[in-house]
Amino acid sequence: MVTGKTWPKPEGATNVRKFQIYRWNEEDGKNPQVDTYFVDLDTCGPMVLDALIKIKTDIDPTLAFRRSCREGICGSCAMNIDGINTLACIYGMDEIKGDVKIYPLPHMPVVRDLIPDLTHFYAQHASIMPWLETKTNRPAKEWKQSIADRKKLDGLYECVMCASCSTSCPSYWWNGDKYLGPAALLHAYRWIIDSRDEATGERLDELDDPFKLYRCHTIMNCAKTCPKGLNPAKAIAEIKQLLVERAA
Amino acid sequence: MALCLRLASRSVAANCSSRILQKSLLTTSSRSWAIQQYSAEEWERKNEKMGRPLSPHLTIYKFQLTSMLSITHRATGMGLHFGLLGFAGAMVLLPNSYPYYLTLLAGSGGGKALLVASKFIISWPFFFHTFNGIRHLVWDMGKGFSIKTLYKSGYAVVGLSILAALVAAVV
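Residues numbered from 1 in each chain as written. Chains lettered and ligands numbered in written order. Predicted model: local features only at pLDDT ≥ 70, side-chain atom pairs only at ≥ 80, totals over all residues. Heavy atoms only, no water.

Here the focus is the overall build of chain B. Scanning chain B for helices and strands turns up 7 helices and 0 strands. The buried share among the 171 residues of chain B stands at 30%. Taking as baseline every contact in chain B between residues at least 6 positions apart, the subset at least 24 positions apart corresponds to 70%. With the model as given, the accessible surface of chain B reaches about 11,300 Å², and the carbon-plus-sulfur share is 71%. (Helix = DSSP H or I, 4+ residues; strand = E, 2+ residues; numbered from the N terminus. Buried < 20%, exposed > 50% of the residue type's maximum accessible area, 1.4 Å probe, protein only. Contact = heavy atoms within 4.5 Å. Areas by Shrake-Rupley, 256 points an atom, 1.4 Å probe, with all protein chains shown as cover.)

Another point: the packing of aromatic side chains. Residue and element names in this part refer to chain B. In this structure the tally under the stated criterion is 13 aromatic pairs over all chains. A centroid spacing of 5.2 Å and a plane angle of 80° characterise the contact between Y100 and Y101, whose relative ring orientation is edge-to-face. Its relative accessible area of 40% is what places Y100 among the partly exposed residues. With 5.5 Å between their ring centres and 70° between their planes, F126 and F127 make a pair best called edge-to-face. Given the relative accessible area of 45%, F126 is considered partly exposed. (Phe/Tyr/Trp six-rings, centres within 6.5 Å; stacked < 30°, edge-to-face > 60°.)

This part takes up the pattern of salt bridges. One pass over the full model with this rule turns up 20 salt bridges over all chains. Measuring nitrogen to oxygen at the nearest pair gives 3.9 Å for the salt bridge that ties D117(A) to K46(B). Within this pair, whereas D117(A) is found in the loop between β8 (115–116) and α2 (119–127), its partner K46(B) is found in helix α3 (residues 40–49), the two belonging to separate chains. Residue class for K46(B) comes out partly exposed when judged on its relative accessible area of 39%. In this structure, D149(A) and K152(A) form a salt bridge, with 3.1 Å as the shortest nitrogen-oxygen distance. Among the residues examined, K152(A) registers a relative accessible area of 46% and is labelled partly exposed. (Salt bridge = Lys/Arg side-chain N within 4 Å of Asp/Glu carboxyl O.)

Turning our attention to the layout of surface pockets. All names here are of chain B. The volume enclosed by the largest pocket comes to roughly 680 Å³. Listing elements by their share of the lining of the largest pocket, those giving two or more residues are α4 (65–93), α5 (98–106) and α6 (111–140). Looking at the lining of the largest pocket residue by residue, the classes come out as 15 nonpolar, 7 polar and 1 charged. (1 Å grid on protein atoms, 1.4 Å probe; cavity = no way out; pocket = protein on both sides within 12 Å on 5 of 7 lines; lining within 4 Å. Points joined across faces, edges and corners; volume = space filled by probe spheres on them. Nonpolar A, V, L, I, M, F, W, Y, C, P; charged D, E, K, R; others polar.)

This part is about the UniProt feature "transmembrane region" (unreviewed entry) in chain B. All names here are of chain B. Following the UniProt record, the feature "transmembrane region" (unreviewed entry) maps to residues 75–94 and 149–170 here. Its end C-alpha atoms 26 Å apart, residues 75–94 is made of 95% helix and 0% strand. Summarising residues 149–170: 100% helix, 0% strand, and an end-to-end C-alpha distance of 32 Å. (UniProt positions renumbered as here; feature names shortened; annotations may be inferred.)

A separate point is the pairing of strand β5 (residues 84–87) of chain A. Residue and element names in this part refer to chain A. The side-chain alternation of β5 yields two buried faces, one formed by I84 and T86 and the other by N85 and L87. Pairing analysis gives 4 bridges linking strand β4 (residues 78–81) to β5, with the strands arranged antiparallel. Among the inter-strand pairings, M79 is bridged to a residue of β5, identified as T86. If you look at the hairpin formed by β4 and β5, you'll find 2 residues sitting between the two strands, and D82 has a positive phi there, around 55°. (Pairing = 2+ DSSP bridges.)

Okay, here's the thing in structure tokens:
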């Protein structure tokens with residue numbers, strides 16, 4: 001990585017942490033580089049996002065990153081921190097030893113600095129039909145579901161589509177154009193096992209090709225990195241089992 | 001807004017030619033919404049044309065048990081495959097027999113240490129690939145996916161394969 005600019009240390013600060021952050025923009029014609037910032041932790045919140053906002057406010061307003069809810073529910077601030085993909089707003093700086101290295105989500109086109117182009121990622125999610133498909137006539141009120149059936153959605157519906165898992169998957173790095181990736185597949189499973197959905201057969205048909213589902217080789221980086229504690233690998237394994245049972 | 005998104009999703013999903021989607025497309029006048037048809041190739045080309053770099057991956061991602069054991073499984077698999085092919089090829093092509101070459105190795109000056117080391121180097125990939133293979137089969141049955149369990153099973157595979165290779169090397 002090309003060494004970029006080292007920004008000035010804050011004056012009179014005693015508790016200073018070093019940050020090494022990936023920078024790139026389309027205007028200056030330069031290659032990507034890593035800039036060094038120093039943040040006074042005594043006047044900063046505990047999370048990595050707090051530090052990023054402090055850098056943007058006090059040191060370098062040109063640093064670009066996505067953020068919104070600051071509580072781990074919107075998925076905007078997903079990035080590679082200290083080598084793993086996670087949400088900057090809920091990742092404490094105390095969890096990191098030494099300098100804080102921040103990179104954009106891996107193997108994605110970079111729009112600017114820490115902002116990846118997630119168009120394809122979103123399109124893959126849309127392609128798995130993330131809505132209720134029914135054939136029966138609409139009920140008078142709601143589509144009913146038992147408590148046991150609703151429980152099956154736990155660990156699936158909480159996904160915030162932050163892209164941490166898919167961009168942590170080496171298989172998605174190499175085949176992301178055709179392999180759907182853990183996030184889209186987790187959602188595919190969420191709709192497959194939703195008892196109210198009546199298009200299960202079609203959903204499973206859609207996944208039955210060499211690339212969409214089967215590029216998953218159970219590497220497990222996805223489950224390890226999910227900032228919400230979800231397990232896409234398990235969901236993918238369940239889909240594979242359903243396809244096997246169907247063929248039997 | 002929700003309808004817009006639903007139609008956008010439908011035109012995206014049109015690339016997957018599913019019966020339900022084709023039925024949905026017919027019932028709504030998606031053309032009048034001027035939604036762009038999406039393709040992965042166009043997306044890749046667009047980003048390339050704009051000169052956007054690809055964010056670093058192998059050079060920055062943390063080495064974890066998950067990915068390291070997975071790539072080792074692939075590497076040992078390749079090693080065993082070509083190793084076996086190589087051994088079979090050597091059996092066919094080389095002039096002398098296996099005991100001859102073994103005696104050659106034994107008398108080469110490396111002594112017992114060389115033989116033990118060679119046996120370890122040859123047998124470890126076999127044991128690792130076998131034990132990790134069983135771990136994979138357990139996953140295929142749907143079991144052992146929690147982070148705690150897969151880390152435990154991962155360490156067990158590494159430990160047992162080293163142990164087994166050591167036994168094979170000294171026996």
